[in-house]
Every structure is written in structure tokens, then in C-alpha cells.
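Each chain, written out:
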Amino acid sequence: MKKSICIIGLGYIGLPTAVMFANHGHKVHGVDINESVVESIRNKQLHIEENGLQERLDEAIDSNMFTVSTTPIKADVFILAVPSPIREDKTANLEYIRSAAKAIAPFVEKGNLVILESTVPPRTVQDVVIPELIPTGLEIGTELFVSHSPERVIPGRVFEELISNDRIIGGVNEESAKMTSDLYRSFVKGHMHETDDTTAELVKVMENTYRDVNIALANELAKLSATIGVDVWEAIRLANFHPRVNIHQPGPGVGGHCIAVDPWFLVELNPEIAKIINLSRKTNDGMPAYTADLLTTILQAKGIETTDAKVAVLGLAFKGNIDDMRESPSIDVVEELQKRALNIFAFDPHIKKNNLEIQTQNMGEALEGAQAAIILTSHNEFKNLNPAEIADVMESKIIIDTKQCIDREKWQAAGFEVYVLGDSKNSPMCK
């Protein structure tokens, strides 16, 4: 049965989810408090980058199945897909979720379903969402149904994964879970795994925490490799041939709206218990400083005065081939380099607006006269760079690859000294 759906939050998850439901026959109304976002969507202009989104948005609006505004309307289903960031003290900021739940309360009617999609600390449905729905006067679980169904997608492949990934459905009771499963079966081909709401909340946070801890291990191994002259990328590749081993890859830090944030939700629950999680977060948060030290050590080893040396930073998004800068370690690397008095010019081909003072929309400007270039994001544009062309504009032919994404031999043939984070065979970090 087709439903009317009101989705609160039209960002990297809310907008793709909204157009998917609209493309599959549901009447969808999207809500965002940002008027410019609403106006852009209404004019079929994207404010985020995602493969296939433009075509699906065009279809949704042209079919009159998708409307947008800054305020909710009555609907059969309400989906909350708003941010759940952390504060500077690493505690969860749930005010967006609280505000969204409060905003829909005047429009909720008997028989409606409320779904929280945002990734949240365990018990957010019980302690934040439901209290804001109490003023409706509807009994939770019998007159008003509530669930948590966290998104499990990766930027750049959102639509593919919305369809194919299994879905965790956490209802406040069995009927809430069943209603939610029935709704997502509109387009989800993966399995529906029904459970209670708090378990579903924990599952999503656990998934991202597992990945964060694994990356912390890889980063620690990379730093250890720097002391013994080993290529950690090769060591990890070989270790992963073991049937029960899957070590992730090192890098300049961990970014994005999930992996860099969600583990702190568990640390906040009980810091005395979540010690491995806490240490892993601190390990990954320490990689930007380590990366900056690596770069300055390389420059000093080459006899280059680091004060005011020009460095081209290639990549500001937290992941390759997307435009998402949320929690990007590249930003922290830039700050660490600036602390060391380096002159930074940053370029990212996917980020069309200068969000930083040191950002340029011209890669040539970033590279012109640079003493070194450092790749922080594995965009295809960087993988396919012609080193011979770059060699003509840089003052010193030094490139640091923190993502192991370029062809070392090709760059060396063009006269570059290539350094890879975690590959210490030619690194001055090796003692």
C-alpha cells in the first residue's frame, strides 16, 4: 500500500531516501530548515553530490510525487533524517533530533508511523524522540508506532546500497517493526532484520565502531612500520590472505558523519568500560598531527626550510570521489600544517565552493612553486594526474601519498621523490 511520507532533513541521507520513496510510488514531502536547500531542491538543483541523484530527483519532482518546504505536513509516515553530531567535548548533540520530533508532533495522527533514521546513541528513541511525541496524546505502540531504522550506506554508492543492503528494523514493539519493514520493502531487496529500537541503535553504532577500531589498528601498524623500514600496505595485503583476518587501511585520519563520530556515543555511555573504543578514537584523531610531522620531517631531510614553505594539499573531502567534508581529517591536517608555519594551498575537484581561506578552485595555483604536494583524498582525478606536467610547475618534486593511490614508479620516472604513509622503505621517519 502506498503511503504519504514526510521526511525531516534533506541532506546526504534524507534527500536520497526521499526520492527513492517518491520514485516507488509514495507521495513524499521533504522538510529542511535551510531555506536555500529547499529552494535549490524545488528548482531541481543539487546541494550535495551523489551518483544518480539528479536523475532521480528530476523524476520525483516531475511526477509530482515529491514536494519540499521548511515545515512538516500531515502524513502516514514521518522519517527523521537529521544530523546527530558531537560537541567539542565529544558528547552527543541530539538537539536536531529533539527539534525534529517536536516539529512533527502537531501533525501526527492516530495510526501514524515515526521512524528515526539518524545514527544515534542507544536509548535515543526512548529518551529523546518518544518524550517529544507524548504531547500528541497517542499511546505509543498502539495508536502511534515508532521505530529506528538506521541508514547503512556509503557516499558515492547510496542508491545501490539503499536497494541491496540488509536493513535493521528496531521497533518499540513488533507492530512498529512490521510496519517499518513493510514500508522499506517498497525498494529494499536486502533482508529486513527486526529487533527492538535500542538494540537497533546499538547495532549501527557498533558497526561503525568496529571499523574505527580496525582503522586505528592499521594506523598503529603503519607507525610501527615507520621504525623498521616496512611497507605496511604490503604487510596488510599479505595478512589479509588469512581467512579470518581483515585489517583495514591506514590513512591521515578518519572522517565522515559516522565513523569519526559514532564511537564517541559509546564512550559517553561509560568511559571506564569503553577504553579500547576511546583509545582507538584518540589514535585516529592523532593521525593528522602524525601526517603533518611526516611531511615536515621529509622537507627537513631534504634541506628545505619549512617556515613558509609552500605545500599543495590535494583533497579536502573525507573520502574519494565525493564532496562531503564532514569531519574530514584533511581539515585537521591543514590546521596542523599551519601550526608548523607552512604556506598551504588546498584543492579539491569535487568541492566547488571555497570553504577554507587556503582553498583554491585551481589545482595549478595550488601546485605552482610548491616545495611538496600531499594527497589526502583518493579522488580519481588525483590517481590520473600526469606527473610530467606537474613536475614543470612545482619547485621541488616531492609528493606524499597518504592513501596509496598513485603509481609510484610512474611518478618516480618523472623525477619525483614519492613517500607513502605507512611505507617506510625510503622514509626519514625510519630510525
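One can find the structure itself at the top, above this paragraph.
Residues numbered from 1 in each chain as written. Predicted model: local features only at pLDDT ≥ 70, side-chain atom pairs only at ≥ 80, totals over all residues. Heavy atoms only, no water.

**Q** Hey, could you run me through the overall build of the chain in this one?
**A** When helices and strands are counted, the chain shows 17 helices and 14 strands. For the chain, whose C-alpha radius of gyration is 24 Å, the value lies close to the compact-globule estimate of 22 Å for 431 residues. The principal-axis extents of the C-alpha atoms in the chain amount to approximately 75 × 50 × 40 Å. In the chain, buried positions account for 55% of the 431 residues. Long-range contacts, defined as pairs at least 24 residues apart, comprise 73% of the intrachain contacts of the chain with a sequence gap of at least 6. A total accessible area of about 18700 Å² is found for the chain, and carbon and sulfur atoms account for 50% of it. (Helix = DSSP H or I, 4+ residues; strand = E, 2+ residues; numbered from the N terminus. Rg over C-alpha atoms; globule rule 2.2 N^0.38 Å. Buried < 20%, exposed > 50% of the residue type's maximum accessible area, 1.4 Å probe, protein only. Contact = heavy atoms within 4.5 Å. Areas by Shrake-Rupley, 256 points an atom, 1.4 Å probe, with all protein chains shown as cover.)

**Q** Mind showing me how you'd approach the packing of aromatic side chains here?
**A** For the coordinates displayed, the defined rule picks out five aromatic pairs. Consider the rings of Trp-411 and Phe-416, whose centres lie 4.9 Å apart with planes at 70°: the pair is edge-to-face. Given a relative accessible area of 1%, Trp-411 falls into the buried group. Judged by its relative accessible area of 4%, Phe-416 falls in the buried class. Following the ring pairs from residue to residue traces out a cluster consisting of Phe-21, Tyr-184 and Phe-187. The ring of Phe-159 has Arg-56 lying over it, and the distance from NZ or CZ to the ring centre is 4.2 Å. Seen from the ring of Tyr-184, Arg-167 lies directly overhead, with NZ or CZ sitting 4.0 Å from the centre. (Phe/Tyr/Trp six-rings, centres within 6.5 Å; stacked < 30°, edge-to-face > 60°. Lys NZ or Arg CZ within 6 Å of the ring centre and 35° of its normal.)

**Q** How do you make sense of unusual backbone geometry when you look at a structure like this?
**A** Residues other than glycine predominantly adopt negative phi, and peptide bonds predominantly adopt the trans conformation. Phi at Arg-123 is positive, roughly 85°, even though this residue is not glycine. In this structure, Arg-123 sits in the loop between β5 (113-116) and α5 (124-133). Unusually for a residue other than glycine, Asn-321 sits at a positive phi of about 65°. Its place among the elements puts Asn-321 in the loop between β9 (310-314) and α13 (329-339).

**Q** I keep staring at the pairing of strand β10 (residues 343-347) and nothing clicks. Help me out?
**A** The two faces of the sheet receive side chains in turn, since in a regular strand these alternate between them. Both β9 and β10 contribute to a ladder of five bridges, which runs parallel. Opposite Val-311, over in β10, you have Ile-344 as the bridge partner. Strand direction decides the pairing type here: β10 and strand β11 (residues 359-360), joined by two bridges, are parallel. Paired with Phe-347 across the strands is Thr-360, a residue of β11. (Pairing = 2+ DSSP bridges.)

**Q** Is there a simple way to think about the packing of helix α8 (residues 197-225) against helix α10 (residues 262-269) in this case?
**A** The packing of two helices is summarised by the inter-axis angle and the distance between the axes. Relative to each other, α8 and α10 sit at 110°, their axes nearing to 8 Å. It follows from the interaxial angle that α8 and α10 lie roughly perpendicular. Residues Leu-202, Val-205, Asn-208, Thr-209 and Asp-212 of α8 touch α10, and the partners they reach there are Asp-262, Pro-263, Phe-265 and Leu-266. The class makeup of the residues in the contact of α8 with α10 is five nonpolar, two polar and two charged. (Axes fitted to C-alpha atoms, helices over the stretch in contact; angles between N-to-C directions. Parallel < 35°, antiparallel > 145°, perpendicular 65-115°, else oblique. Nonpolar A, V, L, I, M, F, W, Y, C, P; charged D, E, K, R; others polar.)

**Q** How should helix α3 (residues 53-62) be read in this particular structure?
**A** Each α-helix winds once per 3.6 residues, and so residues spaced three or four apart point in a common direction. The set of residues buried in α3 consists of Leu-53, Leu-57, Ala-60 and Ile-61. For α3, the angular spread of buried residues about the axis comes to 90°, placing them on one side. Away from its buried face, by an angle of more than 90 degrees, α3 presents the exposed residues Glu-55 and Asp-62. Among the structural elements, α1 (14-23), α2 (35-42), β3 (66-69) and α6 (158-164) are those in contact with the buried residues of α3. Downstream of α3 by a residue or two, Asn-64 has a phi angle that is positive, lying close to 65°. (Arc of directions from axis to C-beta.)

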